[in-house]
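Listed below, chain by chain, are the residues.
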Amino acid sequence: MPTSSRPDGAETVSGPGGSARAESSGQRSLSDNWWKIGIVAFLVIGVSGAILKYLDDDAKRQMLLPAKDRSALSSINPFIPAPTPTPTPQLSKEYIYADSRMLAVVDANAAETPPADLAVWRPSSGVWYVYNLVTAAWTSYGWGNSSDIPVQGDFDGDGKTDFAIYRPTDNNWWITTSGNSSYYSTAFGASGDIPVPADYDGDGRTDIAVFRPGTTNANWYVYQSSTSSTVQTQYGLSTDKPAPADLDGDGKADITVWRLSNTTFYTLRSSDTTTQSALMSFAGYTLTSGDKVVSADFDGDGRANYALRSGSSWLMLNSAFANMTVVTPSGDQASDIPVQNDFDGDGKVDIAVWRDSNGHWYIRKSGSGGALREEACGTSGDVPVPALWRR
């Protein structure tokens, strides 16, 4: 019978029944100790359950506290959810401009502000040409004739500027809506009226409106898109220039006039129906009838700044009326047409002009320290109409 040696030198006998005897001995050992194993398992489960319950209860207590006041244990507690990542900053308001007019205010809820597009309207053909600064795509659209006045705005509230014209010969507004590619016309105004479309009721849609100079005083007629009713307001003198903009930051365009006779802006604030005025007095500058009103939100605080373009200089008053700024961009000409808008998407309106002689745009990007961006869009005789076309 074969033998085998144990580590201690003793011999053990193995045979056909040897393994069976060893197995039987192992089973007896397991049987004799099962109660010990059961006690250990019971204790492990009990302790684990107690720990999990404690962590769960502690998580409920910790979640009621600010993150900075929570215990050190909370950082490893599996019942406390991981902190959510810091969300992308969202814009509460997005201002849609065309020239110096604030056309609409959109609850942006968007991750970024799209830059305004370059665009011109060609009276000789009635064709609009839009150049998207982001995609470099061109869009053309025929709408209007040589005697019309471009009155682009976001009339359907979809965040895109609509092609629109005002026809002085019959006082009709012809509007194409970008939302569904339809069009409509409406008679609003009288001979001698000046179209002043803007978002006066703050519903995110441009309102049809006119400024009517009278014998002495002036009247404003606004067809509010939110109520489908016309509101008449007497404000200003017949010699004033209409200059609506959101000067009080409530998301509504304020009825505003520029009075050259005393170089003062007057605003009927939509937020409280009071009048505020701003004297535009700049040392070394004599204001004239040729100066252009260019009020817009140049500092990005949600309120338009009173501003004029005199010669090639931009004269701007901050919204607190405490600081006057003069900017005279190198190379700009007095004959250039102001086309201020937010062309770099930083939430601030940029100083910019369009030159009729060569169809070039000269943009001073506020997000890049006033760096110049020059673009070609248009030809002599065109009317520049920058806005958020988003085509």
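Just so we're clear, the structure is a prediction, and the values are computed from it rather than from any experiment. (Residues numbered from 1 in each chain as written. Predicted model: local features only at pLDDT ≥ 70, side-chain atom pairs only at ≥ 80, totals over all residues. Heavy atoms only, no water.)

### Points about the pattern of salt bridges
For the record, the criterion: What makes a salt bridge here is a side-chain nitrogen of Lys or Arg within 4 Å of a carboxyl oxygen of Asp or Glu, nothing more. Strands are runs of DSSP state E lasting at least two residues, helices are runs of H or I lasting at least four, and both sets are numbered from the N terminus onward.
Going through the model one piece at a time under the given rule, you end up with 10 salt bridges. A salt bridge links Asp148 to Arg167; the shortest N-O distance between them is 2.8 Å. Here Asp148 is found in the loop between β7 (138–142) and β8 (149–150), whereas its partner Arg167 is found in strand β9 (residues 164–167), with 19 residues between them in sequence.

### Re the sheet that holds strand β24 (residues 337–338)
Definition in use: By this definition, two strands are paired if DSSP reports at least two bridges between them.
If you walk across this open sheet you meet the 4 strands as β24-β25-β26-β27, and the pairing is antiparallel. Both edges of this open sheet fall to β24 and β27 (371–376), since each of them pairs with a single strand only.

### Digging into the nonpolar core
The condition is simple: By convention a nonpolar core is built from buried Ala, Val, Leu, Ile, Met, Phe, Trp, Tyr and Cys residues, the set being connected through side-chain atoms within 4.5 Å. Buried residues are those whose accessible area, probed at 1.4 Å on protein chains only, stays under 20% of the maximum for their type, while exposed residues exceed 50% and partly exposed ones sit between those limits. It only takes one pair of heavy atoms within 4.5 Å for two residues to be counted as in contact.
One finds Trp258, Phe265, Met280, Leu287, Val293, Tyr306 and Leu308 to be the most contacted residues of the largest nonpolar core, which totals 15 residues. Among residues more than four places away in sequence, those in contact with Trp258 are Asp240, Lys241, Thr263, Thr264, Phe265, Met280, Leu287, Val293 and Leu308. By size, the runner-up hydrophobic cluster in this structure holds 13 residues, among which are Leu118, Tyr131, Trp354 and Ile363.

### Notes on the sheet that holds strand β16 (residues 241–242)
Here we have 4 strands laid out as an open sheet, ordered β16-β17-β18-β19, and antiparallel in their pairing. Two strands close off the open sheet at either side, each with one partner strand: β16 and β19 (275–279). As judged from the 2 bridges shared by β16 and strand β17 (residues 255–259), these two strands associate in the antiparallel manner. Paired with Pro242 across the strands is Val257, a residue of β17.

### Structural notes on unusual backbone geometry
For residues other than glycine, phi is negative in most cases, and the peptide bonds are mostly trans. The backbone of Ala136 shows a phi angle near 65 degrees, a positive value even though the residue is not glycine. Looking at where Ala136 falls in the secondary structure, it is placed in the loop between β6 (127–131) and β7. The phi dihedral of Thr273 is positive, around 55 degrees, even though this residue is not glycine. Along the chain, the position of Thr273 falls in the loop between β18 (264–268) and β19.

### Comments concerning the side chain of Asn172
The criterion, for reference: Whenever a nitrogen or oxygen atom comes within 3.5 Å of another N or O atom, the pair is scored as a polar contact, on the condition that within protein one atom can donate a hydrogen and the other can accept it, and that pairs from neighbouring residues in sequence are kept only if both atoms are in side chains.
With respect to the element layout, Asn172 can be found in strand β10 (residues 172–176). Within the structure, the side chain of Asn172 is placed 3.2 Å from the backbone nitrogen of Ala187, a separation counted as a polar contact.

### A look at the packing of aromatic side chains
Quick note on the threshold: To pair, rings of Phe, Tyr and Trp, with the six-membered ring standing in for Trp, must have centres within 6.5 Å; the planes then decide the type, stacked if under 30 degrees apart, edge-to-face if over 60, and tilted in the middle.
Taken as a whole and judged by the stated rule, the model has 16 aromatic pairs. Taken together, a centroid distance of 5.3 Å and an interplanar angle of 65 degrees make the contact between Trp128 and Phe163 edge-to-face. With Trp128 in strand β6 and Phe163 in the loop between β8 and β9, this pair connects stretches of sequence that are 35 residues apart. Note on Trp143 and Tyr183: the rings are 5.5 Å apart at their centroids and 65 degrees apart in plane angle, and the pair reads as edge-to-face. Pair noted here: Trp143 is in the loop between β7 and β8 and Tyr183 is in strand β11 (residues 183–187), with a separation of 40 residues, a long-range link. Residue class for Tyr183 comes out exposed when judged on its relative accessible area of 53%.

### Observations regarding the pairing of β17
Of all 5 residues that make up β17, 5 are buried, and the element is covered over most of its length. Side chains Ile255, Val257 and Arg259 of β17 all project onto a buried face; the interleaved residues Thr256 and Trp258 project onto the opposite face, where all are buried too. Connecting β17 to the next strand, β18, in antiparallel fashion are 4 residues, including Thr263 with a positive phi near 45 degrees.

### Things to note about the environment of Pro213
Positionally, Pro213 belongs in strand β13 (residues 208–213). When the C-alpha atoms of Pro213 and Asp240 are compared, they prove to be 8.2 Å apart, with 27 residues separating the residues in sequence. Once residues within four sequence positions are removed from consideration, Pro213 is found in contact with Gly192, Ala218 and Ser238.

### Observations concerning the confidence of the model for the protein
Under the convention used in this document: Confidence of the predictor at the level of single residues is given by pLDDT, which spans 0 to 100.
Chain-level pLDDT for the protein is 83 on average; 71% of the residues reach the 70-or-more range. This stretch, residues 85–94, has a pLDDT under 50; its non-local contacts, to residues over four places away or in other chains, come to 27 contacts. Low pLDDT (under 50) marks residues 104–111, which in the prediction has 32 contacts with non-local residues, meaning those over four places away or in another chain.

### A few points about the environment of Tyr362
One can find Tyr362 in strand β26 (residues 360–365). The class of Tyr362 is buried, set by a relative accessible area of 10%. Put simply, Tyr362 and Asp336 are 26 residues apart on the chain and 9.5 Å apart in space, counted from C-alpha to C-alpha. The residues contacting Tyr362, other than those within four sequence positions of it, are Asp332, Ile351, Ala352, Val353, Arg355, Leu372, Arg373 and Glu374. At 3.4 Å, the side chain of Tyr362 and the side chain of Arg355 are in polar contact. A polar side-chain atom of Tyr362 sits 3.5 Å from a polar atom in the side chain of Glu374.

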